[in-house]
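# Chain and residue survey
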Amino acid sequence: MSSPATPPRSLAEALRGRDDASLAALLRSRPDLVTPVPTDLTQLATRAGTRASVVRALDRLDRFTLQTAQALAVATDPASYTDLLGLMAGDAGDPEVAAALPHALHQLREQALVWGGDDRLRLVRTARELLAPSPQHPSPTGLGPAAAEAAAGMSPGRIQEIVTTAGLPTTHDGVSAVTALTGLFTDRGRMTALLAGAPEEAREVLTRLMWGPPYGQVTADPAAHLRWLLDRGLLLPTAPGTVVLPREVALHLRAGRAHRTPEPLPPAVETGTAHRPETVDSTAAGQALTALATVEELLKDWDEGGPAVLRAGGLSVRDLKRTAVALDVPEPTAAFWVELAYAAGLIASDGEADERYAATPAYDEWLALPAPERWARLVTPWLTATRTPGLVGGRDAKERTLSALGPGLDRSAAPEVRHRVLTLLAALPQGSAPHPESVLARLHWERPQRREEDLRTRLARATLTEAELLGVTGRGALSAHGRALLGLPAPAARPDGDAAGEPSGPGDKLPVHHHRRPAPAAPLSAAARADAAAAAARLLAPLLPEPLDHVLLQADLTAVAPGPLQRPLADVLGMLADIESKGGATVYRFTPASVRRALDAGRSAAELQDFLTTHSRTPVPQPLAYLIDDVARRHGRLRVGAASAYVRCDDDALLNEILADKRATGLRLRRLAPTVLAAQADPATLLEGLRAMGFAPAAESAEGDVLVTRPGAHRTPPRTPPEPVPDGPPVPDAALLGAAIRAIRAGDLASTTPRKPSGPPPASGELPRTSAAETLATLQAAVLTGEAVWIGYVNAEGGASQRVIAPVRVEGGFVTAYDHTADEVRTLPLHRITGVAELADD
């Protein structure tokens, strides 16, 4: 390990100078580095410099930290902190940039993208290659190549001509000439004097190029003002007909700034509207109740077996439209409810030959839960789901239509965006709804490098909409139970009862900690999510109305449920009547068809009358009583059975009426007896045909008994909810980090500890070799002295490694020793030790 006075010569040496907490922070911010665990710090540094890992790390930088890295990419290598501050704040300085820069540099160092002291800052080579300007990949700074790079292809004679025209003395070689020219361009006083004599048109050209792009086109015979710039090296040719503004010239014109607009502060999330917290919570609770009713209605519609599964998976466009009509919502919203039920494990494919979607056994368990717990069971998987309903109807990379419940809807960024949007809402004062555009601007500042920016914008907008549908927010503001769902404590209240920090009106902004910005809260672990969901359910419970055991019957053949109904009452009423409208109160409509549905399910007219009398706060209206009695009187007078099918009735006049009806032609009826008609149709078709003609037939069994037709619930086998697709490797927990750091340090000790020479050193990459007798003697001596030794070891899978061990016992062909690499006592076979050496005394 290098001493503090000795600057590190490589990233590996810089990592050796870190303590365990700093290494843990690195592995936590870049989890791809710990899978698999590196053998030592040299391998960790190598892995941290690979292109894929660096790209992933750059993608997760905020805008100002990324701007800092971009400035280092155009600075001299190595650069001092003063140089970096000049590039970020300019010659005039910027207090906000100066205050924010140490934190940004700390972030780059922590993620091993920058190493070295403040006097020798070095950007990791791969990051410099990705961020440095080039014709193929222009820099976001708008700067071009340095003068030395741009002049690399020019002839020495031409360089000497430029030096002379610029007023510099000639040199003996092209390198010193370019150095002299660079010195001129970086000298503010001399450059100001040089440009003072430039033609006006030349200064206009420089102004157009200074913020980028720095490239321009010239003809073979350029104009006088362009010739003036070319002769003094203020424009340098890069290809026939193409010139570039050297980086040093552009920085002088910009007064030293690498970026036109540094953004040290995150944009504030602005308040659009403000409401009382009680209003927000009650609105969200009402929407949560609507969400539960919508999912129940969807699953009830699919209770006997839902739509067929497409060959490629998912719902057809027609089935999605039918579901949207049944739920009375637009198709995108219907896709969201279907995907939500799927994510919660309430629906799945039944796996049959004629594959269909149906409710799972978990749906029955879910129905039995209290309303707040049912809500939590829906919202918890929504927070972590990677499936994106907003993509339904779009096309994938192969131009195939993306369907609800089908493949291709997973987007690994969805949970992160969803969680971040909600935490931004939680940072606003209670009852405050944000301007959506300010939320998007903040997200873009936090992850400016992401390639799928349009996707993240769509995910953020969808989160705001879906949170409102689910009742996580109310009137656009985060509710108290929504805050608990994120694992956040309830905000403190002011003495006057209002929320702490409640805005005075629209346009208020979220206060920003300027320079020590707290990191965004990480998503909760599985156990913490369960605790947060339980806490959210407890907060939601008092806001939901108690289920009612009564309805209000009206004379227009409707019943009004002034709130949610108890489940047995809701089930029977849903069978006896059709839902006409939903909202704060649900209106049910009684029709002959709905009453016949209840009679077909085995209810008698007397039972229906008693049921309504028991559960109505108003007397049963006479029109409703007449309707039930009239349908019941006609129900079952006709009997349909299997002959292939027949109709029998004691009233032959009624059979004559059926035979005379032209609508019965398709049933091809004929009389077998005064009370029996035969049909060339199956019983189900015959039943539907007679009901369409206005009759009320009842099906009967082969024994002549009336068949009671209750809906048969179709369930899939037990299914597990879909697993979210992770966005890269998971963040390691504390136990894994501790074990990984111990292993890395022990491996680094084994590879860097000085050893006493014993024969010729092994070739690079090879394990040491000693004879079996030498190995045994050295290990036995180490047992007596208690000293550690260095060994080469090959495990049972053929993996070779170097280790530092402290032998305790050598016997029976095995050595028992404390293995510093594994941080534990191990027993190693002697025949797998390729060689051994004593450690040097120092």
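Residues numbered from 1 in each chain as written. Predicted model: local features only at pLDDT ≥ 70, side-chain atom pairs only at ≥ 80, totals over all residues. Heavy atoms only, no water.

### Describing the overall build of the protein chain
The criterion, for reference: For helices the rule is a DSSP run of H or I covering at least 4 residues; for strands it is a run of E covering at least 2, with both sets numbered from the N terminus onward. Each residue's exposure class comes from its accessible area (1.4 Å probe, protein chains only) as a fraction of the maximum for that residue type: buried when under 20%, exposed when over 50%, partly exposed otherwise. In this analysis, two residues are considered to be in contact whenever any of their non-hydrogen atoms come within 4.5 Å of each other. Here the open area of atoms and residues is found with the Shrake-Rupley method and a 1.4 Å probe, where only the protein chains shown may cover a residue.
Across its full length, the protein chain holds 33 helices and 25 strands. When the 842 residues of the protein chain are sorted by exposure, 47% land in the buried category. Taking contacts inside the protein chain between residues at least 6 apart in sequence as the whole, the part at least 24 apart equals 67%. With the model as given, the accessible surface of the protein chain reaches about 39900 Å², and the carbon-plus-sulfur share is 55%.

### Observations concerning the packing of helix α13 (residues 200–209) against helix α14 (residues 224–231)
Basically, it comes down to this: To get an axis, fit a line to the C-alpha atoms, keeping to the stretch in contact for a helix; angles then go from 0 to 180 degrees between the N-to-C directions. These descriptions rest on fixed angle ranges, namely under 35 degrees for roughly parallel, over 145 for roughly antiparallel, 65 to 115 for roughly perpendicular, and the rest for oblique. Crossings are classed by handedness, with left-handed meaning an anticlockwise turn of the near helix from the far one by less than a right angle and right-handed meaning a clockwise turn.
One can describe the packing of α13 onto α14 by two numbers: an axis separation of 8 Å at closest approach and a directional angle of 65°. Between α13 and α14, the interaxial angle falls into the category roughly perpendicular. You can see that α13 and α14 cross each other, and the crossing is right-handed. Residue-level contacts link Glu-201, Ala-202, Val-205 and Leu-206 of α13 to His-225, Leu-226, Trp-228 and Leu-229 of α14.

### Points about the side chain of Thr-463
Turning to its location among the elements, Thr-463 is positioned in helix α23 (residues 453–470). If sequence neighbours within four positions are ignored, Thr-463 has contacts with Trp-382, Arg-418, Val-421 and Leu-422.

### Some thoughts on the packing of aromatic side chains
Here is the rule: For Phe, Tyr and Trp, where Trp contributes only its six-membered ring, two rings pair if their centres lie within 6.5 Å, and the inter-plane angle classes them as stacked under 30 degrees, edge-to-face over 60, or tilted in between.
Counted under the stated rule, the structure contains three aromatic pairs. Judged by centre distance (5.1 Å) and plane angle (55°), the ring pair of Phe-336 and Trp-337 falls under tilted. Accessibility assignment for this pair places Phe-336 and Trp-337 in one class, buried.

### A look at the pattern of salt bridges
Side chains that carry opposite charge are capable of pairing whenever their charged atoms lie near each other. Stated formally: The salt bridge criterion pairs a side-chain nitrogen of Lys or Arg with a carboxyl oxygen of Asp or Glu, the two atoms within 4 Å.
Overall, the coordinates contain 34 salt bridges when judged by the stated rule. Arg-60 is the partner of Glu-416 in a salt bridge, and the nearest nitrogen-oxygen pair spans 3.9 Å. Placement of the pair is Glu-416 in helix α21 (residues 414–427) and Arg-60 in the loop between α4 (51–59) and α5 (63–74), with a sequence separation of 356 residues. Using a relative accessible area of 21% as the deciding quantity, one classes Glu-416 as partly exposed. A salt bridge links Arg-634 to Asp-630, with the nearest nitrogen and oxygen atoms 3.7 Å apart. Residue Arg-634 and its partner Asp-630 are both found in helix α29 (residues 622–634); the two are separated by four residues, about one turn of the helix. Look at the salt bridges and you will find they share partners, linking Arg-60, Glu-416, Arg-447 and Arg-456 into a network.

### Concerning the sheet that holds strand β15 (residues 586–589)
Stated formally: Two strands make a pair as long as DSSP finds a minimum of two bridges between them.
Strand order in the open sheet made by the four strands is β12-β13-β15-β14, with antiparallel pairing throughout. Every other strand in the sheet has two partners, leaving β12 (552–554) and β14 (578–581) as the edge strands with one partner each. Each strand axis lies, on average, 30° off the axis of its neighbour in the sheet, ignoring direction. Inspection of the sheet shows β12 paired to strand β13 (residues 558–561) by three bridges, in the antiparallel sense. Counted as the bridge partner of Leu-553 is Ala-559 from β13.

### Concerning helix α18 (residues 331–343)
Which entries qualify depends on this criterion: In this analysis, the expected span of each helix is defined as 1.5 Å times one less than the number of residues it contains.
Spanning 13 residues, α18 covers 18 Å between terminal C-alpha atoms, matching the ideal 18 Å at 1.5 Å per step. Burial of α18 is extensive: ten of the 13 residues sit out of reach of the surface. All buried positions along α18 are accounted for by Thr-333, Ala-334, Ala-335, Phe-336, Trp-337, Val-338, Glu-339, Leu-340, Ala-341 and Ala-343. A positive backbone phi angle near 80° is found at Gly-345, which sits one or two residues after α18.

### Quick notes on the environment of Asp-20
You can see Asp-20 is positioned in helix α2 (residues 20–29). Overall, the relative accessible area of 42% leaves Asp-20 in the partly exposed class. For the pair formed by Asp-20 and Gly-738, sequence separation is 718 residues and the distance between their alpha carbons is 8.4 Å.

### What about the packing of helix α10 (residues 156–165) against α14?
Here is the rule: Three categories are distinguished: nonpolar for Ala, Val, Leu, Ile, Met, Phe, Trp, Tyr, Cys and Pro, charged for Asp, Glu, Lys and Arg, and polar for the others, with Gly belonging to the last.
Two elements in contact, α10 and α14, have axes whose closest approach is 8 Å; the angle formed by their N-to-C orientations is 105°. By the angle between their directions, the pair α10 and α14 is classed as roughly perpendicular. In contact with Arg-158, Glu-161, Ile-162 and Thr-165 of α10, α14 contributes Arg-227, Leu-230 and Asp-231. Class assignment of the residues belonging to the contact of α10 with α14 gives a composition of two nonpolar, one polar and four charged.

### Considerations on the pairing of β13
Alternating positions in β13 separate into two faces, Thr-558 and Val-560 on one and Ala-559 and Ala-561 on the other, with burial throughout. Count of turn residues in the β12/β13 antiparallel hairpin: three residues, of which Leu-557 carries a positive phi of about 65°. Examined bridge by bridge, β13 and β15 share four bridges and lie antiparallel to one another. Residue Thr-558 lies in a different strand from β15, and its bridge partner there is Arg-589.

### Topic: the sheet that holds strand β25 (residues 833–838)
Here five strands make up an open sheet; going across it, the order is β24-β23-β22-β21-β25 and the pairing antiparallel. Of all strands in the sheet, those bounded by a partner on one side alone are β24 (824–829) and β25. The average undirected angle you get between the axes of adjacent strands in this sheet is 45°. Pairing between strand β21 (residues 789–794) and β25: five bridges, direction antiparallel. Bridging across to β25, Gly-792 finds its partner in Gly-835. Across the sheet, helix α33 (residues 772–785) touches β21, β22 (800–811), β23 (814–819) and β25, and the angle it forms with β22 is around 65°.

### What to know about the nonpolar core
We count it as follows: Only buried residues count toward a nonpolar core. Its members are Ala, Val, Leu, Ile, Met, Phe, Trp, Tyr and Cys residues joined through side-chain atoms within 4.5 Å.
Grouped together as the largest cluster of nonpolar side chains are 91 residues, with contacts concentrated most on Leu-234 and Leu-235. By residue number, the principal contributor to this core is α5, which donates seven residues. Ignoring any residue separated from it by four or fewer positions in sequence, one finds Leu-234 in contact with Phe-185, Met-191, Leu-194, Leu-195, Leu-206, Trp-228, Leu-229, Val-244, Leu-245, Pro-246 and Val-249.

### Digging into the pairing of β21
Within β21, five of the six residues are buried, which leaves it mostly tucked inside the rest of the structure. Examined bridge by bridge, β21 and β22 share six bridges and lie antiparallel to one another. The residue of β22 that forms the bridge with Trp-790 is Val-804. Taken together, β21 and the strand that follows it, β22, pair antiparallel across an intervening segment of five residues, in which Gly-798 is found at a positive phi of about 90°.

### Considering the confidence of the model for the protein chain
Caution applies to low-pLDDT regions: their predicted coordinates should not be interpreted in detail. Where we set the bar: The predictor's confidence in any single residue is recorded as pLDDT, a number from 0 to 100.
A residue-level look at the protein chain finds 89% of positions with pLDDT of 70 or above and a mean pLDDT of 84. Residue range residues 759–765 is modelled with pLDDT below 50. Its contacts to residues more than four positions away, or to other chains, number two contacts.

### Digging into helix α30 (residues 652–660)
Put simply, the rule reads: Note: the arc covers the axis-to-C-beta directions of the helix.
Among the residues making up α30, those that are buried are Leu-654, Leu-655 and Ile-658. The buried residues of α30 occupy an angular sector of 100° when the element is viewed end-on, so they sit on one face. Those residues of α30 hidden inside the fold are in contact with β17 (645–648), β18 (669–673), β19 (676–679) and α31 (683–692).

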